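Below are the chains, spelled out letter by letter.
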Amino acid sequence: MDFLLQEEIVVIRKNTLAFACAVGSLVCVDAFAADIVCTQKALRGTYVYHLAGHESGNPYAAAGMETFDGMGKGAIKETDSDGHQVQVTSAYTINSDCTGEITYSSGDHNHIFVAPDGSSLTFVRDSEGTGTWYAGDETRVSRGRVKFVP
């Protein structure tokens, strides 16, 4: 094995462990899952997004930019299909299983699912009984934050 690169040895060890776990027991599956723990710090930087759905029963879409500070605060700037421009602040929480919530100063609330490395997130809003719902994806475009906080 002297001729193998360090990275190749790590891959061989990981693959061997994964095979042993698959053959041996389900205990290893839990060990792998325990390695990923999300925190507020996962979301940091500037993200671009689009969303689509219905507002009061009518088709609705928007695109925008959202910033997160890595400590639970953020802001968005968007333009929607009705021609409105929205700029609000937000507060967010992320659970250790990479799920979470964002609450906006407008009163809106999104459920989120965050990539463990913070590179992207998926969100959904369902305002029960109002005919308003939408979903979308956000992708980090910079670890820096654009300054557009109202």
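Residues numbered from 1 in each chain as written. Predicted model: local features only at pLDDT ≥ 70, side-chain atom pairs only at ≥ 80, totals over all residues. Heavy atoms only, no water.

K.L.:
Quick question: what am I supposed to make of the pattern of salt bridges here?
P.N.:
Should their charged atoms come close, side chains of opposite charge can pair. Taken as a whole, this structure holds one salt bridge when the rule is applied. A salt bridge links Asp108 to Arg125; its shortest N-O distance comes to 3.2 Å. Of this pair, Asp108 sits in the loop between strand S5 (99–104) and strand S6 (109–114) while Arg125 is found in strand S7 (residues 120–127), placing the two residues 17 residues apart along the sequence. For Arg125, a relative accessible area of 7% puts it in the buried group. (Salt bridge = Lys/Arg side-chain N within 4 Å of Asp/Glu carboxyl O. Helix = DSSP H or I, 4+ residues; strand = E, 2+ residues; numbered from the N terminus. Buried < 20%, exposed > 50% of the residue type's maximum accessible area, 1.4 Å probe, protein only.)

K.L.:
Hey, could you run me through the environment of Leu43 in this one?
P.N.:
Relative to the helices and strands, Leu43 resides in the loop between helix H2 (27–34) and strand S1 (44–55). Owing to a relative accessible area of 0%, Leu43 belongs among the buried residues under this scheme. Remark: the alpha-carbon pair of Leu43 and Ile94, spanning 51 residues in sequence, is separated by 8.7 Å.

K.L.:
Help me understand the state of the cysteines in this model?
P.N.:
By definition, a disulfide links the sulfur atoms of two cysteine residues through a covalent bond. Counted according to the given criterion, the structure contains one disulfide. Shown here is the disulfide that connects Cys38 with Cys98, its sulfur atoms set 1.8 Å apart. Between Cys38 and Cys98 the sulfur-sulfur dihedral comes to about 75°; the bridge is accordingly right-handed. Note that Cys38 is positioned in the loop between H2 and S1 and Cys98 in the loop between strand S4 (85–94) and S5, a separation of 60 residues in sequence. When sorted by exposure, Cys38 lands in the same class as Cys98, which is buried. (Disulfide = S-S within 2.5 Å.)

K.L.:
How do you make sense of the packing of aromatic side chains when you look at a structure like this?
P.N.:
Remark: the centre distance and the inter-plane angle together describe each pair of aromatic rings, the angle taken between the planes. Inspection of the entire model under this criterion finds five aromatic pairs. Judged by centre distance (6.1 Å) and plane angle (85°), the rings of Tyr49 and Phe123 are edge-to-face. Taken together, the residues Tyr49 in strand S1 and Phe123 in strand S7 connect sequence positions 74 residues apart. According to the relative accessible area criterion, Tyr49 is buried, its value standing at 6%. On the basis of an interplanar angle of 85° and a centroid distance of 6.5 Å, the ring pair of Phe123 and Tyr134 is categorised as edge-to-face. (Phe/Tyr/Trp six-rings, centres within 6.5 Å; stacked < 30°, edge-to-face > 60°.)

K.L.:
When you look at the sheet that holds S5 in this model, what are you seeing that I'm missing?
P.N.:
What links the strands of a sheet is backbone hydrogen bonding, and the strands pair in either a parallel or an antiparallel sense. Taken together, the eight strands give a closed barrel; going around it, the order is S1-S2-S3-S4-S5-S6-S7-S8, and neighbouring strands pair in antiparallel fashion. The average angle at which neighbouring strand axes cross in this sheet is 30°, direction not considered. By the bridge criterion, nine bridges tie S1 to strand S8 (residues 132–142) in an arrangement that is antiparallel. Counterpart to Thr46 in the pairing with S8 is Ser142. (Pairing = 2+ DSSP bridges. Axes fitted to C-alpha atoms, helices over the stretch in contact; angles between N-to-C directions.)

K.L.:
Would you explain the side chain of Glu66 in this entry?
P.N.:
Here Glu66 lies in strand S2 (residues 58–69). The charged side chain of Glu66 is buried without a salt bridge, its nearest counter-charge being Arg125 at 8.2 Å. Polar contacts involving the side chain of Glu66 include one to the side chain of Tyr104, which spans 3.0 Å. (Lys, Arg positive; Asp, Glu negative; His and termini not counted. Polar contact = N/O pair within 3.5 Å; in protein donor to acceptor, adjacent residues only side chain to side chain.)

K.L.:
Would you explain the pairing of S2 in this entry?
P.N.:
Consecutive side chains along a regular strand alternate between the two faces of the sheet. Sheet topology places S1 next to S2; 12 bridges connect them, and they run antiparallel. Bridging from a neighbouring strand, Gly45 pairs with Phe68 of S2. In this antiparallel pair of consecutive strands, S1 and S2, the connection spans two residues, and Ser56 shows a positive phi of 50°.

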